[in-house]
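Architecture and fold: a report
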Amino acid sequence: MSIERFSYDNKIVKYFIIACVIFGIVGMSVGLLAAIQLYYPLFNFDIAYTSFGRIRPLHTNAVIFAFVGNAIFAGVYYSMQRLLKTRMYSDKLSWINFWGWQLIIVAAAVTLPLGITSSKEYAELEWPIDIAITLVWVVFGINFIGTILVRREKHMYVAIWFFLATLITVAVLHLVNSFALPVNFFKSYSAYAGVQDALVQWWYGHNAVAFFLTTPYLGLMYYFLPKAAERPVYSYKLSIVHFWSLIFIYIWAGPHHLLYTALPDWAQALGTAFSIMLIAPSWGGMVNGLLTLRGAWDKVREDVVLKFMVVAVTCYGMATLEGPLLSLKNINAIGHYTDWIVAHVHVGALGWNGFLTFGMLYWMVPRMWRTKLYSNTLANTHFWLGTLGIIFYALPMYWAGVTQSLMWKEFTPDGFLKYPNFLETVTQIVPMYIARSVGGGLYLIGVFVMTYNLIKTAAQGSFLANEEAEAPALEKAAHGKEFWHSILERKPLLMAILATIMISIGGLIELVPTFLVKSNVPTISSVTPYTPLELEGRDLYIREGCVGCHSQMVRPFRSETMRYGDYSKAGEFVYDRPFLWGSKRTGPDLHRIGGKSPDSWHYLHMLDPTNTSTGSIMPKYPWLIEDELDISQTKAKISTLRQLGVPYPKGYEDKALADLNKQAETIVASLEKDKIKTTKDKEIIAMIAYLQRLGTDIKK
Amino acid sequence: MYKETLRSIEGIQIYPLVSLAIFGLFFISLIIWVMQVDKAYIHEMSNLPLIDDQSSNIKKKGDSHV
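Thresholds, definitions, all that
- The residue numbers shown here count from 1 along each chain, following its written sequence.
- Labels are handed out in written order, letters beginning with A for the chains and numbers beginning with 1 for the ligands.
- Given that the model is predicted, a residue must reach a pLDDT of at least 70 before its local features are reported, and side-chain atom pairs must reach 80 or more before they are shown or counted; all residues, however, enter totals for whole chains, interfaces and linings.
- The basis for every side-chain value is the complete set of non-hydrogen atoms in the structure, without hydrogens or water.
- For our purposes a nonpolar core is just a set of buried Ala, Val, Leu, Ile, Met, Phe, Trp, Tyr and Cys residues, chained together by side-chain atoms within 4.5 Å.
- Here the term buried applies to any residue with accessible area under 20% of the maximum for its type, exposed to any over 50%, and partly exposed to those in between, with areas from a 1.4 Å probe on protein chains only.
- Helix numbering and strand numbering both begin at the N terminus, where a helix is a DSSP run of H or I of at least 4 residues and a strand a DSSP run of E of at least 2.
- Domain start and end points were adopted from an automatic or database domain assignment.
- Whether two residues are in contact is decided by their heavy atoms: any pair within 4.5 Å suffices.
- In the sections that follow, a salt bridge refers to a side-chain nitrogen of Lys or Arg positioned within 4 Å of a carboxyl oxygen of Asp or Glu.
- Residues enter patches when they are more than 30% accessible in relative terms and free of salt bridges; like-charged ones are connected within 9 Å and nonpolar ones (Val, Leu, Ile, Met, Phe, Trp, Tyr) within 5 Å.
- All accessible-area figures derive from a Shrake-Rupley calculation using a 1.4 Å probe, and residue coverage is judged against the displayed protein chains alone.
- The way it works is a 1 Å grid over only the protein atoms, where trapped points that fit a 1.4 Å probe form a cavity and open points with protein on both sides within 12 Å along at least five of seven lines form a pocket, and then any residue with an atom within 4 Å of a point lines it.
- Grid points are joined across faces, edges and corners, and a volume is the space filled by probe spheres set on the points.
- We call Asp, Glu, Lys and Arg charged. Ala, Val, Leu, Ile, Met, Phe, Trp, Tyr, Cys and Pro are nonpolar, and the rest, Gly among them, are polar.
- Any pair of nitrogen or oxygen atoms within 3.5 Å is treated as a polar contact; in protein, a donor-acceptor pairing is required on top of that, and neighbouring residues in sequence qualify only through side-chain atoms on both sides.
- Count a disulfide wherever a pair of cysteine sulfur atoms falls within 2.5 Å.
- One requirement defines pairing of two strands: DSSP has to find at least two bridges between them.
- Axis lines are fitted to C-alpha atoms, over the contacting stretch for helices. Their N-to-C directions set the angle, which ranges from 0 to 180 degrees.
- Roughly parallel means an angle under 35 degrees; roughly antiparallel, over 145; roughly perpendicular, 65 to 115; everything else is oblique.
- The hand of a helix crossing depends on one turn: near helix anticlockwise from the far one by less than a right angle means left-handed, and clockwise means right-handed.

On to the nonpolar core. Considering soluble globular proteins, one finds that nonpolar side chains tend to be buried as a cluster. Of all hydrophobic cores here, the largest spans 179 residues; its most connected members are Phe144(A), Phe212(A), Trp244(A), Phe358(A) and Met364(A). With 21 residues, the single largest contributor to this core is helix α6 (residues 194–229) of chain A. Here this core gathers at least three residues from each of two domains, domain 1 (3–476 + 484–510) and domain 2 (532–699) of chain A. With sequence-adjacent residues up to four places away left out, Trp244(A) is seen in contact with Trp161(A), Met495(A), Leu498(A), Met502(A), Phe26(B) and Leu30(B).

See the structure below:
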């Protein structure tokens, strides 16, 4: 058995760490800005690029794909080399992975404020960036599988399995959800429409949480927690059960995001059942993490790395208990569309992802720079700032969510809504919004403290770019008695295929009926495609990210039908590409807004919402009033949509502009009656056309 | 109305049933396997993150612990 010498690539890890910290600060700062905008609309700056609807996806994308994404790569590149006793398969691929990922982030940071978005949550980036993501992910995949193939350790530790599941599932999710037909370089229409689009999107959205924010972090937990505690994981057997049941069950639970929507009952029930089952493996994982520290709690008191990790794992446990509970219909009825969900998400994001990342960074940086941490006191300060931050974030949001939900549902003794004015339920919780931003602010200050501490640590140490190591070469021929799964481990491709099959079954069982639906939905005969002007208005609605504050899905509750009108039917959305049901009601539902108020109301409201609604926290949209509507793509949009199956008559694109103008003129005329002077070529005209159309088809 | 539509898809009920059955079978086999697996193997596996230091711990005098 020959001993081979090689070195671990620390430089790539260093770069991912730097990117992680920088984008963490950027992403969280943008989040803080968005939080402040919600009680101080002045901070929308009355500029398109910084208004809430565009800033919110920038925040979510930055923290998920830039902060967490880079943390994943840093942790994977660090742990994988050491667990498999080899350098990464190819330095070149590592660097393409790094720079490719950062370019994608920059592209996102430019396009999202510009309003170039698909508007599907956590998949907002337009198709050229989607393709870039695919390419970079393939590069990561080749490097990953390559590293497994050249490894010197015959067994693959459970962390590698979690990484592998991440690699495969993210690829599948991204590909399926991103199907769209381009209109031009910056605009595409979803290949799916309405209910179908919603199902695919939340199958994606849910599993993005599972396989981008959870499985890779579990892999990191299973590596870094034992490292930091200097003892093996509590139960390796439990970790195996944890792994397989988690990836199996997670993928099936997607429909719980659409409870009470126009989704078939059985799909909702299936989603709920699997969500509840999900508690078991999740808690298995949490218990496994916490029990790893049994008998070492004195260490936890002293070691800040372990402190961060304990809180992280605890938050993982809380979030994964709360998630399944939220998928119960009666709890969901209260929590959905409210700030409760925002609280839930942030317990996971700030606690689990953030704190595990911080613990990992505090552990890796001194080792890679061959020194001690610059200041334990500062690290402890960070720990307390972060913990307080999470509490000050989560508690007000829970309070706000429940309060607002109850107000939405409260009736007077005579059977009328107690708070018929939606805005009343908003102003009630504004103090909670203020408290939340204090929490977020504390958390962000903590990150600055960490950054300073890490920079000082690096400055006092000397960075080891290539860490020498040696290990015996891997024996090729396997002999002796084998277990089926150690065979699996040794045959990573087989393992990859099995994991793919695993996650595909869940996806297919959910998606196949969804695809069958299309031919079975009897189109409600009065539901017709959008007119060219309405279509352009809808694309403005997408551009501005109105979906970040407004749902378009009236649930079949008395409290909702009384407030908004008839509940939403599946057949009403057959021409919605993408669907715009939304997930958060910071403003009222808009599905039945058509015909509710005169055109002039909308004009004044969009110019400055406080014109019509005193104390409104909706941003102003003065540019919609001033800017001319771009109609250069209208023709292309019509023909793209027809290719996707929207029944515009043949050759309609040539008449589209004439129709658009005619409809615009009627709106200009109606505005003029209310003494508002404008011209038919303005964006606001298209927006009004769209809003007035919404939800009116079934009344025809 | 859409519910009726879905119900009219032939064999729609089979999907949730199939999924539960597959999971059940898989889960039971997993548990059985885990219960009979070799202890030494489990021990070796769980120590993988820790032994990487020892086997690759050359020229690491400066490596200090926080």
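The next point concerns the environment of Ser29(B). One can find Ser29(B) in helix α2 (residues 14–36). For the pair Ser29(B) and Ile42(B), spaced 13 residues apart in sequence, the C-alpha separation works out to 18 Å.

Residues and elements named next belong to chain A. Under the definition given, this model contains 32 salt bridges over all chains. The partner of Arg82 in a salt bridge is Glu467, with the nearest N and O atoms 2.8 Å apart. Within this pair, whereas Arg82 is found in helix α2 (residues 52–84), its partner Glu467 is found in strand β4 (residues 466–472), the two being separated by 385 residues in sequence. Neither Arg82 nor Glu467 differs from the other in exposure class; each is buried. Counted as one network, the salt bridges with shared partners bring together Arg54, Arg543, Glu544 and Glu683.

So, about a nonpolar patch on the surface. On the surface, Phe45(A), Ile47(A), Tyr49(A), Val106(A), Val110(A) and Leu114(A) cluster together into a nonpolar patch covering about 530 Å² of accessible area. Residue Ile47(A) is classed as partly exposed on the basis of its relative accessible area, which comes to 38%.

This brings us to the layout of surface pockets. Residues and elements named next belong to chain A. For the largest pocket, the calculated volume is near 820 Å³. Lining the largest pocket we find 38 residues, and of these His550, Pro588, Leu590, Trp601 and His605 sit closest to its centre. Those elements that place two or more of their residues in the lining of the largest pocket are α2, α15 (422–427), α19 (532–544), α20 (558–564), α21 (599–607) and α25 (683–693). Here the lining of the largest pocket takes four residues from α21, the largest share from any one element. For the lining of the largest pocket, the class distribution of residues is 21 nonpolar, twelve polar and five charged. In terms of domain composition, the lining of the largest pocket takes at least three residues from each of domain 1 (3–476 + 484–510) and domain 2 (532–699).

Right, let's get into the environment of Arg151(A). All names here are of chain A. Among the structural elements, Arg151 can be located in the loop between α4 (127–149) and α5 (158–177). C-alpha of Arg151 to C-alpha of Arg301: the two residues are 150 residues apart in sequence and 37 Å apart in space. In this structure the side chain of Arg151 is engaged in a polar contact, spanning 2.9 Å, whose partner is the backbone oxygen of Ile148.

Turning next to the state of the cysteines. All names here are of chain A. Within the structure shown, the criterion is met by zero disulfides over all chains. A disulfide-free cysteine, Cys315 has its sulfur positioned 17 Å from the sulfur of Cys20, the nearest such atom. A relative accessible area of 6% places Cys315 in the buried class.

What follows deals with the pairing of strand β2 (residues 180–184) of chain A. The two faces of the sheet receive side chains in turn, since in a regular strand these alternate between them. All names here are of chain A. With four bridges joining them, β2 and strand β3 (residues 187–190) adopt antiparallel strand pairing. What sits directly across from Pro182, in β3, is Ser188. Adjacent in sequence and paired antiparallel, β2 and β3 are bridged by two residues.

Residues and elements named next belong to chain A. With their axes 10 Å apart at the nearest point, helix α1 (residues 11–37) and helix α16 (residues 430–460) run at an angle of 160° to one another. In terms of orientation, α1 and α16 fall into the roughly antiparallel class. In the crossing of α1 with α16, the sense of the turn from one axis to the other is left-handed. Contacts from Val21, Ile25, Met28, Ser29, Leu32, Ala35 and Ile36 of α1 reach α16 at Arg436, Ser437, Gly440, Gly441, Tyr443, Leu444, Val447, Phe448, Met450 and Thr451. When grouped by side-chain class, the residues that make up the contact of α1 with α16 number eleven nonpolar, five polar and one charged.

Turning to the packing of helix α7 (residues 236–250) of chain A against helix α9 (residues 279–291) of chain A, a few remarks are in order. Helix-helix packing is characterised by the crossing angle of the two axes and by the distance between the axes. Residues and elements named next belong to chain A. Close contact between α7 and α9 brings their axes to 8 Å; oriented N to C, the two are set at 150°. Where α7 crosses over α9, the handedness of that crossing is left-handed. Packed against α7, whose contacting residues are Leu238, Ser239, His242, Ser245, Leu246 and Ile249, the element α9 presents Pro281, Ser282, Gly284, Gly285 and Asn288 at the interface. Residue composition of the contact of α7 with α9, grouped by class: four nonpolar, seven polar and no charged.

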